[in-house]
Amino acid sequence: MSKKIKNDIPDSAYESKYAAYRKENSNEAKPENAKSTLIRFLSLIKPHAIPMAIIVLSASASSLCNVISPEYLGELINALQDLITGRLSGREIVFDSCMPTVYRLAVVYGVASIFTFLQEFFSAGVSQKLVCSLRERLNAKLSRLPLSYFDKQTKGQVISKIINDIENVSSSLQSSILTVMTGIIQVIGSLVMMLRTGNILMTLVAICLVPFTGTISYKVSKISKKWFKRYWDTMGDMNGHIEEMYAGHTIVRIFGHEHKSVEEFRDITERLGKTSFTANMISGILSPVLTLFKNLSYISLCLLGGYFVLGTANGSLPGTFKLGDISKFLSYSSSFSSPIVNISSIINKIQSSLASAERVFALLDEPEEEPDATTAENAKTDCGRIEFKDVSFRYVEDRPLIDGLNISAPAGSVTAIVGPTGAGKTTIVNLLMRFYDVNSGHIYLDGTDIYTMSRNKLRSNFGMVLQDTWLFKGTVTENIRYGNENATDEDVINAAKTAQIYDYIMSLPKGFDTVLTEEGSNISQGQRQLLTIARAIAADPKVLILDEATSSVDTKTEQLIQQAMNKLMEGRTSFVIAHRLSTIKNADNILVMKKGAIVEQGTHDELLKANGFYALLYNSQYTDGIPPED
């Protein structure tokens, strides 16, 4: 079940508009440059330079402690070996000689624990601040995007980027970068300590893992990156389906599509499961393979170390090589190879995070609305006179919708717009409110070109009552005051009385302090519509737009709404988009639209007398319907 977007774009135009979107989110979509994505993410950490410096220093200190500790541990084992050898020779064992090494080892481990705590503590703070910062940027970005962006994006995809992708980016990518950073320090430190021993052969055995790790990691990462991008795209599809089914659950039940909805959800989750399985399986190959190489290296070191111990003991090899030295090399080998294996193992997280980061940055890079012009910001707009002059517009480049449109609506007049679906009625409102910008021509408000005004300044002159009501979770007062934050309690009460809903509000348990649920689902459709009218009244607009505000209510409620709207329209320039033509008989001017052009205009009586397209539309509501357009 797909949600219809409320505007006048023809179906074929939608297909064209969605083509690029489907390609972008298909399984064939190619990942962006991982290097540039990583660099861009690192730039987001700049504002947190001080805590990040503490994190890096703490991680470095902790890694260095882990590198130093095997040296003391080896010394302790060698000292114990000497004591045991001495005891076997009849000498007295004095454990006090080992205690300084024990104390040094305890200090090193204690310092490592302290720095690890500092690293985790500050990492948690930076991660959460990064989440908040990214979400605030995305939220601000959404408010600057043109309406056309939301026409081609599902809500689920947008929600998924704001919630899932950002969480994945901030937590996984940051921790992965830190793991890589500390791992590199530990690898270099361990290599230096192994070279200090002078045993080149055992050092070479310990580092033989590197070429295998690098080659395998590179090959696997290229493949897993693509699959993780597919995973997050599919996650967005699932969120979109859930949002759509929840919003329309009543319609789903009415038409008995519960089974179909469940099947669609199952298909998406199965696809999500397959992509997740494939991505993690491919990246998961690294861990067992690299662990195998690590263990083989470990066994080789044990055998080689045993050979050196026995060789130096019986004099067949020069120098002295004791059990403690084997312990050092085994620890150094572990400190050297473990970070490499860990880094290789988190490649799946890194690839997943980069895929999420690409999706977030793609949204942040979306073209925004054209900057506001403010050359006429102080122009007087106190009457509400509207003029369209030679306006042309198209949603899709090669499909004209409106061409050379001219409209004149005097201050205080009521202009009705009628016509079949797709004729361009809602498009006129979209252009008037600057949800879309015209391709050519001019629109004037009280003689001022609306494109010389900021959008906020322009829209402050308008009030809208739409067919689809929108209320938010909050009190009745907050919902009415939403149109005018400066409205007093008295203004809110007067607006409710004018909208014919005051008595109903007072019958609620807490009156104006009653909390409405999300979208006002705890009151009827008619009451929701009257509340939106009260909101428009409280806003006190100069120009009013009514988009079939009575189409989804019963006859009695329609009469109340019509009365409220009549009071609302008094002294205001009004545009009424109507499908029930009986509701616009008293309009000062009726614009009859067909295929983006005004084919007739006049009063109700004049148009009926002309017996043209309007008469056909009007009579069809009582006879056999409207014939298809040519």
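Residue indices follow the written sequence of each chain, beginning from 1 at its first position. Where local features are concerned, this predicted model is filtered to residues with pLDDT of at least 70; where side-chain atom pairs are given and counted, the filter is 80 or more; whole-chain, interface and lining totals use all residues. Neither water nor hydrogens contribute to the side-chain values; these are computed over all heavy atoms in the structure.

S.K.: Any chance you could break down the overall build of the chain for me, citing the residues and the numbers?
M.R.: When you go through the chain residue by residue, the secondary structure sums to 22 helices and 12 strands. Counting contacts in the chain only where the partners sit at least 6 residues apart, residues at least 24 apart contribute 78% of the total. Exposure was quantified through the Shrake-Rupley algorithm and a 1.4 Å probe, taking into account, for residues, occlusion by the shown protein chains and nothing else. With an accessible surface of roughly 31,800 Å², the chain has 58% of that area assigned to carbon and sulfur atoms. Secondary structure elements follow DSSP: runs of H or I of four or more residues count as helices, runs of E of two or more count as strands, with numbering from the N terminus. Any two residues having at least one pair of non-hydrogen atoms within 4.5 Å are treated as being in contact.

S.K.: Explain the sheet that holds strand β12 (residues 597-602) residue by residue, including any values.
M.R.: Pairing between strands requires that DSSP locate at least two bridges from one strand to the other. Strand order in this open sheet of 6 strands is β6-β9-β10-β3-β11-β12, and the pairing throughout is mixed. Two strands in the sheet have a free side with no partner beyond their single neighbour: β6 (462-465) and β12. Going across the sheet, the axis of each strand differs from the next one's by a mean of 20°, ignoring polarity. Note that strand β11 (residues 589-594) and β12 share 5 bridges and pair antiparallel. Opposite valine 592, over in β12, you have glutamate 600 as the bridge partner. Fitted lines through C-alpha atoms give the axes, limited to the stretch in contact for helices. The angle between two N-to-C directions lies from 0 to 180 degrees.

S.K.: Just give me the short version of the packing of aromatic side chains, but keep the residues and values in it.
M.R.: Two aromatic rings, drawn from Phe, Tyr or Trp (for Trp, its six-membered ring), form a pair once their centres lie within 6.5 Å of each other, and the interplanar angle then sorts them: stacked below 30 degrees, edge-to-face above 60, tilted otherwise. Enumeration over the complete set of coordinates arrives at 7 aromatic pairs. Taken together, a centroid distance of 5.0 Å and an interplanar angle of 90° make the contact between tyrosine 395 and tyrosine 436 edge-to-face. Remark: tyrosine 436 occurs in the loop between α14 (425-432) and β4 (440-445) and tyrosine 395 occurs in the loop between β1 (386-393) and β2 (402-409); sequence separation between them is 41 residues. The exposure class assigned to tyrosine 395 is buried, which follows from its relative accessible area of 14%. Clustering of aromatic rings is evident, with ring pairs tying together Phe117, Phe121 and Phe122. Accessibility here uses a 1.4 Å probe with only protein chains present; expressed as a share of the type maximum, an area under 20% marks a residue as buried, one over 50% as exposed, and anything in between as partly exposed.

S.K.: Before we move on, could you go through the packing of helix α17 (residues 489-498) against helix α19 (residues 525-539) and cite the residues and values that matter?
M.R.: Where α17 contacts α19, the two axes come as close as 8 Å, and the packing angle between them is 130°. Looking at the two axes, α17 sits oblique to α19. Crossing angle aside, the handedness with which α17 passes α19 is right-handed. Counted together, Ala495, Ala496 and Thr498 of α17 and Ala534, Ile537 and Ala538 of α19 form the full contact between these two elements. Oblique is the label for every angle not falling under 35 degrees (roughly parallel), over 145 degrees (roughly antiparallel), or within 65 to 115 degrees (roughly perpendicular). The crossing is said to be left-handed when, going from far helix to near helix, the turn is anticlockwise and less than a right angle, and right-handed when the turn is clockwise.

S.K.: Tell me about the sheet that holds β4, residues and numbers included.
M.R.: The sheet built from 4 strands is open, its strands ordered β2-β1-β4-β5 with antiparallel pairing. Edge positions in the sheet fall to β2 and β5 (448-449), since each has one partner strand and no second. Where β4 and β5 come together, 2 bridges link them in antiparallel fashion. From the neighbouring strand, tyrosine 444 faces β5, where its bridge partner is aspartate 449.

S.K.: Outline the environment of leucine 296, listing residues and values.
M.R.: Relative to the helices and strands, leucine 296 resides in helix α11 (residues 286-314). Classification of leucine 296 as partly exposed rests on a relative accessible area of 45%. Sequence-wise, leucine 296 and alanine 206 are 90 residues apart; in three dimensions their C-alpha atoms are separated by 9.9 Å.

S.K.: Can you explain the pattern of salt bridges? Please cite residues and give values.
M.R.: Salt bridges are counted wherever a side-chain nitrogen of Lys or Arg sits within 4 Å of a carboxyl oxygen of Asp or Glu. Using the criterion set out here, one finds 10 salt bridges in the structure. Glutamate 368 is paired through a salt bridge with arginine 144; the nearest N and O atoms lie 3.1 Å apart. Here glutamate 368, found in the loop between α13 (347-364) and β1, pairs with arginine 144, found in helix α4 (residues 99-144); they are 224 residues apart in sequence, far enough to count as distant. Across the salt bridge formed by aspartate 489 and arginine 481, the nearest N and O atoms sit 2.5 Å from each other. Taking relative accessible area as the criterion, aspartate 489 reaches 51% and is therefore assigned exposed. A residue is classified by how much of its surface remains accessible, and arginine 481, at 22% relative accessible area, is partly exposed.

S.K.: Provide a residue-level description of a nonpolar patch on the surface, including the pertinent values.
M.R.: Patch membership requires over 30% relative accessible area and the absence of a salt bridge. Like charges are linked within 9 Å, and nonpolar side chains (Val, Leu, Ile, Met, Phe, Trp, Tyr) within 5 Å. On the surface, a nonpolar cluster with roughly 420 Å² of combined accessible area is contributed by Leu292, Leu296, Ile299 and Leu303. Looking at the secondary structure, you find isoleucine 299 in helix α11.

S.K.: Describe the nonpolar core, naming the residues involved and giving the relevant values.
M.R.: Inside soluble globular proteins, nonpolar side chains tend to come together where they are buried. In terms of nonpolar packing, the biggest core is built from 44 residues, with Val418, Ile480, Leu531, Ile533, Ile584, Ile590 and Tyr614 touching the most fellow members. Sorting the residues of this core by element identifies β3 (414-418), α16 (476-481), α17, α19, β9 (543-547), α20 (555-569), β11 and α22 (613-620) as the ones contributing at least two each. With 7 residues, the top contributor of residues to this core is α19. In this structure, valine 418 is in contact with Lys425, Ala578, Leu581, Ile584, Ile590, Leu591, Val592, Met593, Tyr614 and Leu617, ignoring residues within four places of it in sequence. In this structure, Val396, Ile407, Leu431 and Val438 belong to the second largest nonpolar core, which totals 33 residues. As used here, the term nonpolar core means buried Ala, Val, Leu, Ile, Met, Phe, Trp, Tyr and Cys residues forming a set that is joined through side-chain atoms within 4.5 Å.

S.K.: Kindly report on the side chain of lysine 141, identifying the contributing residues and their values.
M.R.: You can see lysine 141 is positioned in helix α4. Only 2.6 Å separates the side chain of lysine 141 from the backbone oxygen of glutamate 366, close enough to count as a polar contact. If we ignore the near neighbours within four places in the chain, the residues touching lysine 141 are Leu363, Leu364, Asp365, Glu366 and Glu368. The definition of a polar contact used here is a pair of N or O atoms within 3.5 Å, where within protein one atom must be able to donate a hydrogen and the other to accept one, and adjacent residues in sequence count solely through side-chain atom pairs.

S.K.: Go over α22 with me, naming the residues and quoting the values.
M.R.: With 6 of 8 residues buried, α22 lies mostly within the body of the structure. Within α22, the full set of buried residues consists of Phe613, Tyr614, Ala615, Leu617, Tyr618 and Ser620. Elements that come into contact with the buried residues of α22 comprise β3, β11, β12 and α21 (604-610).

S.K.: Summarise the environment of leucine 458; cite the residues concerned and give the values.
M.R.: By the element assignment, leucine 458 lies in helix α15 (residues 455-459). Spatially, the C-alpha atom of leucine 458 lies 8.5 Å from that of leucine 445, the residues being 13 residues apart in sequence. Not counting chain neighbours up to four residues away, the residues in contact with leucine 458 comprise Leu432, Met433, Arg434, Leu445, Ile450 and Met453.

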